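These are the residues of each chain, in order.
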Amino acid sequence: MVLTLDEVKKDFSQGEEVLNVLKGVDLNVSEGETIAILGKSGSGKSTLLSLLCGIDDATSGNISYRSNSLKNLNSEEITDLRAKHIGVVFQQFHLLEHLNAYENVLLPLEVNGNSDKSERVDYFLEKVGMSHRKSHFPNQLSGGEKQRIAIARALVTHPGVLLADEPSGSLDENTGGEVMDLIFDIVRDERMSLVLVTHDKDLAKRCEKIYHLENGVLSLED
Ligand code: ADP
Ligand code: MG
């Protein structure tokens, strides 16, 4: 399995109250598999994704990538594990405004001491159709172009899994459709797994499996 979740729980304290957002999430994602996690707004999709990419810690339970558990890792080890296994794309792109497109895509390689592999930046910029925009800064790019750069950045370390949180959510329908086509094409070409978090049922249907996140647990749609 490229990704395994075992009884993952996440609580948030809100004043006196404790909010149990994830109540025991189990999931297995195999090599090259594409899955969608479908849930209403507020169901905990982004919370789950932030646990999967190590931005936040689970209250209990276990998350592993190819048998490497996220538990008890220091920030350096998390960075290393992320570089090897995880790419992330967000609804709001999250590009660094002071870096141009090329530098944004190069950044994950630099962070991991792999800047000598900069030919990969050109490869992925070409893949997302953005070679002609590499000197542009984010504020000179359209939403769709920004998301293409963000996709190249997520994939430049060649992770086993791409995590995507509503990647077309802030784009118009046509642009969003093109970005999703691109994600599905690249994931297939590069033989990566995809975990797509969305509230859009039609989009979820493009994945091999659909899980519903409801009342803090995942259930597989048959
Ligand atoms: P979704 O992405 O499915 O819309 P979220 O994961 O963003 O849902 O949020 C799930 C629930 O957890 C919401 O009720 C939200 O208010 C709550 N929540 C998310 N992050 C925090 C936080 N850092 N502190 C407290 N509550 C949070
Ligand atoms: Mg969300």
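Residues numbered from 1 in each chain as written. Chains lettered and ligands numbered in written order. Predicted model: local features only at pLDDT ≥ 70, side-chain atom pairs only at ≥ 80, totals over all residues. Heavy atoms only, no water.

K.L.:
Sorry, what's going on with the nonpolar core here?
P.N.:
Inside soluble globular proteins, nonpolar side chains tend to come together where they are buried. Counting 39 residues, the largest nonpolar core has Ile149, Ile151, Leu162, Ile183, Leu194 and Leu196 as its most contacted members. Mapped onto this core, the elements with two or more residues apiece are β3 (34-38), α3 (101-111), α4 (119-127), α5 (143-155), β7 (161-165), α6 (173-189), β8 (193-198) and α7 (201-204). Those residues within four positions of Ile151 in sequence are excluded, and the remaining contacts are Val89, Val128, Val179, Leu182, Ile183 and Ile186. (Core = buried A, V, L, I, M, F, W, Y, C linked by side-chain atoms within 4.5 Å. Buried < 20%, exposed > 50% of the residue type's maximum accessible area, 1.4 Å probe, protein only. Helix = DSSP H or I, 4+ residues; strand = E, 2+ residues; numbered from the N terminus. Contact = heavy atoms within 4.5 Å.)

K.L.:
In this structure, what is going on with the packing of α5 against α6? I would like to understand it.
P.N.:
Pairs of packed helices are described in terms of their axes, by the angle between the two and the distance that separates them. The geometry of α5 relative to α6 is characterised by a closest axis approach of 10 Å and an angle of 15° between their N-to-C directions. When the interaxial angle is binned, α5 and α6 end up roughly parallel. Viewed along their axes, α5 and α6 form a crossing whose handedness is right-handed. Facing α5, whose interface residues are Gly144, Gln147, Arg148, Ile151 and Leu155, α6 presents Thr175, Glu178, Val179, Leu182, Ile183 and Ile186. Here the contact of α5 with α6 is composed, by residue class, of six nonpolar, three polar and two charged. (Axes fitted to C-alpha atoms, helices over the stretch in contact; angles between N-to-C directions. Parallel < 35°, antiparallel > 145°, perpendicular 65-115°, else oblique. Left-handed = near helix turned anticlockwise from the far one by under 90°. Nonpolar A, V, L, I, M, F, W, Y, C, P; charged D, E, K, R; others polar.)

K.L.:
Hey, could you run me through the UniProt feature "domain: ABC transporter" (unreviewed entry) in the chain in this one?
P.N.:
As annotated by UniProt and renumbered to match this structure, "domain: ABC transporter" (unreviewed entry) occupies residues 3-222. Regarding residues 3-222, the helix share stands at 33% and the strand share at 29%, and the terminal C-alpha atoms are separated by 21 Å. (UniProt positions renumbered as here; feature names shortened; annotations may be inferred.)

K.L.:
I'm lost on the pattern of salt bridges in this one. Help?
P.N.:
For side chains of opposite charge, pairing can occur when their charged atoms come near one another. Under the definition given, this model contains twelve salt bridges. Across the pair Lys84 and Asp80 runs a salt bridge whose closest N-O atoms are separated by 3.1 Å. Residue Lys84 and its partner Asp80 are located together in helix α2 (residues 75-85), separated by four residues, close to a single helical turn. According to the relative accessible area criterion, Asp80 is partly exposed, its value standing at 38%. The partner of Glu145 in a salt bridge is Arg133, with the nearest N and O atoms 2.9 Å apart. Linking Glu145 in helix α5 with Arg133 in the loop between α4 and α5, this pair joins segments that are twelve residues apart in sequence. Through salt bridges that share partners, Lys127, Asp189 and Glu190 make up one connected network. (Salt bridge = Lys/Arg side-chain N within 4 Å of Asp/Glu carboxyl O.)

K.L.:
I tried to follow the sheet that holds β7 on my own but got confused; where do I start?
P.N.:
Think of a sheet as strands paired side by side through backbone hydrogen bonds, with each pair either parallel or antiparallel. Read across the sheet, six strands follow the order β6-β7-β8-β3-β9-β10 without closing on themselves; strand pairing throughout is mixed. A single partner strand is all that each edge strand has here, and the edge strands are β6 (86-89) and β10 (217-220). Each neighbouring strand pair of the sheet contributes to a mean axis angle of 20°, computed without reference to strand direction. Alignment of β7 against β8, held across five bridges, turns out to be parallel. For Leu162, the partnering residue across the bridge sits in β8 and is Leu194. In the packing of α2 onto the sheet, contacts are made with β6 and β7, and the angle to β6 comes to roughly 85°. Against the sheet, α6 touches β3, β7 and β8, its axis set at about 155° to β8. (Pairing = 2+ DSSP bridges.)

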